[in-house]
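# Observations on the three-dimensional arrangement
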Amino acid sequence: MIRKIQVLADDVIAKIAAGEVVERPASVVKELIENSLDAGSDSVEIDLKDAGFALIRVADNGSGMTSEEVKLAVKRHATSKLSAIHDLETLLTFGFRGEALSSISSVSRFEITTRNADGEAVYMYLENGQVKEARPAARVPGTTIEVKDLFYNVPARKKFMKKDSTELAAVIDTVGRFIVANDGVEIRLRNNGREIFHAHKNMGIKARISLVLGRDVADGMIELFSLTGKYRVTGFVSRPSSTRKDKRMQMFFVNKRYIRSTFISNLLDEANRSMLERGRFPAGVLFIEVDPSMVDVNVHPAKLLVKFEDEDELKRSVMSSVRSAFDEVKNRERGSHGQTLSEALGSAVQAPGEEKHGIFAEGIATQREFEYGAADEMISDKKPLADIPRKTSDIYQIGKCYIVRVKGDSVTVTDQHAAHERVLYEYFNNKKRETAGETQNLLFPVSLGLSPSESILMGKMKGAYKTLGFEIDEFGRNSFVIRTAPQVIKDRDIEKVVRDILSDISGNIKPGMDPVEEMVKYAACRGAIKEGDALDEHEMADLLRQLSECELPFTCPHGRPTTLEITVDELEKRFRRK
Ligand code: ADP
Ligand code: MG
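Residues numbered from 1 in each chain as written. Chains lettered and ligands numbered in written order. Predicted model: local features only at pLDDT ≥ 70, side-chain atom pairs only at ≥ 80, totals over all residues. Heavy atoms only, no water.

### Considering helix 18 (residues 515-527)
The first and last C-alpha atoms of helix 18 sit 17 Å apart over 13 residues, in line with the 18 Å expected at 1.5 Å per residue. Within helix 18, the full set of buried residues consists of V516, E518, M519, V520, Y522, A523, A524, R526 and G527. Tucked into the core, helix 18 has its buried residues touching helix 15 (416-432), helix 16 (452-468) and helix 17 (494-508). One side-chain oxygen of the residue at the start of helix 18 lies 2.9 Å from the amide nitrogen of V516, identifying that residue as D514. (Helix = DSSP H or I, 4+ residues; strand = E, 2+ residues; numbered from the N terminus. Expected span 1.5 Å × (residues − 1). Buried < 20%, exposed > 50% of the residue type's maximum accessible area, 1.4 Å probe, protein only. Contact = heavy atoms within 4.5 Å. Polar contact = N/O pair within 3.5 Å; in protein donor to acceptor, adjacent residues only side chain to side chain.)

### Brief notes about empty space enclosed by the protein
A water-sized probe rolled over the atoms picks out the places where empty space is left. Inspection of the entire model under this criterion finds four cavities of 30 Å³ or more. When its volume is computed, the second largest cavity comes out at roughly 70 Å³. Forming the walls of the second largest cavity are I172, R194, E195, I196, P452, S455, I456, R477 and N478. Within the residue set of the lining of the second largest cavity, elements represented by two or more residues are strand 8 (194-199) and helix 16. A class-by-class count of the residues in the lining of the second largest cavity yields four nonpolar, two polar and three charged. (1 Å grid on protein atoms, 1.4 Å probe; cavity = no way out; pocket = protein on both sides within 12 Å on 5 of 7 lines; lining within 4 Å. Points joined across faces, edges and corners; volume = space filled by probe spheres on them. Nonpolar A, V, L, I, M, F, W, Y, C, P; charged D, E, K, R; others polar.)

### Examining the sheet that holds strand 21 (residues 479-486)
Spatially, the three strands line up as an open sheet ordered 19-21-20, and their pairing is antiparallel. Each of the sheet's edge strands pairs with one partner strand only, and the pair in question is strand 19 (439-449) and strand 20 (471-474). Within the sheet, the average angular offset between the axes of one strand and its neighbour, ignoring direction, is 20 degrees. (Pairing = 2+ DSSP bridges. Axes fitted to C-alpha atoms, helices over the stretch in contact; angles between N-to-C directions.)

### Notes on the packing of helix 7 (residues 164-181) against helix 16
For the pair helix 7 and helix 16, the least separation of the axes is 9 Å and the interaxial angle reads 155 degrees. Looking at the two axes, helix 7 sits roughly antiparallel to helix 16. When helix 7 is examined against helix 16, the residues S165, L168, A169, I172 and D173 are found in contact with a partner set consisting of P452, S453, I456 and K460. Looking at the contact of helix 7 with helix 16, its residues break down into five nonpolar, two polar and two charged. (Parallel < 35°, antiparallel > 145°, perpendicular 65-115°, else oblique.)

### Details of the pattern of salt bridges
Considering all chains together, one arrives at 29 salt bridges under this definition. Between K30 and E34 there is a salt bridge, with its nearest N and O atoms 3.2 Å apart. Taken together, the residues span about one helical turn, with K30 and E34 both in helix 2 (residues 25-38) at a distance of four residues. Of the residues examined, K30 reaches a relative accessible area of 15% and is grouped as buried. Classification of E34 by relative accessible area gives buried; the value is 5%. R526 serves as the salt-bridge partner of D504, at 2.7 Å between the closest nitrogen and oxygen. (Salt bridge = Lys/Arg side-chain N within 4 Å of Asp/Glu carboxyl O.)

### Quick word on the confidence of the model for the protein chain
Per-residue confidence for the protein chain averages 80 on the pLDDT scale, and 78% of its residues sit at or above 70. For the stretch residues 83-96, pLDDT sits under 50, and the model shows 26 contacts to residues farther than four places along the chain or on other chains. Every residue in residues 337-344 is under pLDDT 50, and counting partners more than four places away or in other chains gives nine contacts. (pLDDT = per-residue confidence, 0-100.)

### A look at the pairing of strand 18 (residues 410-415)
Of the pairings in the sheet, the one linking strand 17 (residues 402-407) to strand 18 comprises six bridges and is antiparallel in character. In the sheet register, V406 faces strand 18, and the bridge partner there is V411. From the end of strand 17 to the start of strand 18, which pair antiparallel, there are two residues, and G408 there has a positive phi angle of about 55 degrees. Sheet topology places strand 18 next to strand 22 (residues 563-567); five bridges connect them, and they run antiparallel. By the bridge assignment for strand 22, V413 is matched with L564.

Next up, the structure:
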């Protein structure tokens, strides 16, 4: 059979090209907001229906377009932002490829109403990238774009779209980045009439971070800046005491443009190294300003990657700004009330749920910072102590990880984390079947200030949490309170456990999975005593007793052993007596 080579029709070409720019509702939102900002708007309103599949409307108060301009704007490679090719090098606006509007209009029903301050408003309607209607309209200066029925004419793409909630989360992430980087612009986002963000003009970057990453993250951050060098770095970074278990709370911007960068993320880790627990990461929002010719941002507009010309210099700026911010905080706390307050609060530090109540907050942060100690000498100070087993009747803890117990003619060694994980795993599984123990009312309900996407997930997972003994209520927008916790983990940092479970779930839950089932796995791990936690004799005795009551006491849920036994018989062999 002979196949004829065919020239693709224009609208087919446009649809293929659209795939590059328009992957999902979030990419449409990104392009439209960029255009609004490029047009000098100081107010941008985004309204969605059904996560953007039914409608994405972006209305701004920017420069608008004349009727001539708008006709051009929707054509491919039409842009007002590029006059000569050398402009590419120093470009400060977001877009310049002139592709967004034509791409979006080829995969949606596309309406635009715009008015330039000097002219009349015009309305245009496009289908398959073709203008179907154009007429005069009424509008204050600015532009409104409505994208309806996205991908209605590209069924293959539609089929591959994730659930609405996933797509909405992606839009929220996208809009959140613009909010954080554009304090001078009022930005508002709604979905099906429900307000998700409303950032007021000039409300302050920290207040914006609080909207986007959640109040808890923002409260735990300190400001940083570097003054010298080719790369000017400003922003906020978490105190060593309020780190996260993943990197989702990191955002980097170059000349206000959001980028992904493992290079910068690794620098943040490195600046924090001596202070971080293993597997935890700092939250950070960094703005890097640089002469545009020093950075290649347009490697691929959708991939958000950049190449820096002088990485060593950038490294110096980031490291020094982060470190001096930490030093300043430490000095301030030492100088004023630091040590005495933290000493006075010594016993309160362990109490779960008190972290955010009134005067305690500062003191506790101080205490933690001294514990993790930026200074290396502090760590070496502590070492000999950690090596001395704490003697009790017949139970010892060694290496802050193993419980050693002398029992008749043998010694048992129990891994405290593995053991507790087993205990909790069985406990939560029983809880699931409603055969297990009590839930404890927290003396002080713990409040959680979450980001909008975390809040959506929390709203969905509340039931599963409750099954396991955590009663969590919504308490105003993006705020929740934890009222109860399972008795077995009453001594743990409940807020951290709840948060860590939430972030485990958010990365791993797939449609069709049983949320409670999944949560049991994470809850057992997150709730368990960790390596490094000091335990007193009662806690150790309790743990061994609970372990002995388990159905499968000898392995943790991942199959590692919980306990090893060394008998006199074995000792004799090893000393070659036998
Ligand atoms: P690019 O942004 O790469 O130039 P677009 O397809 O996104 O390409 O937009 C094409 C042109 O339409 C822009 O260069 C700009 O002149 C105009 N335009 C788009 N959106 C707006 C807006 N919200 N306000 C004013 N002009 C706009
Ligand atoms: Mg654009």
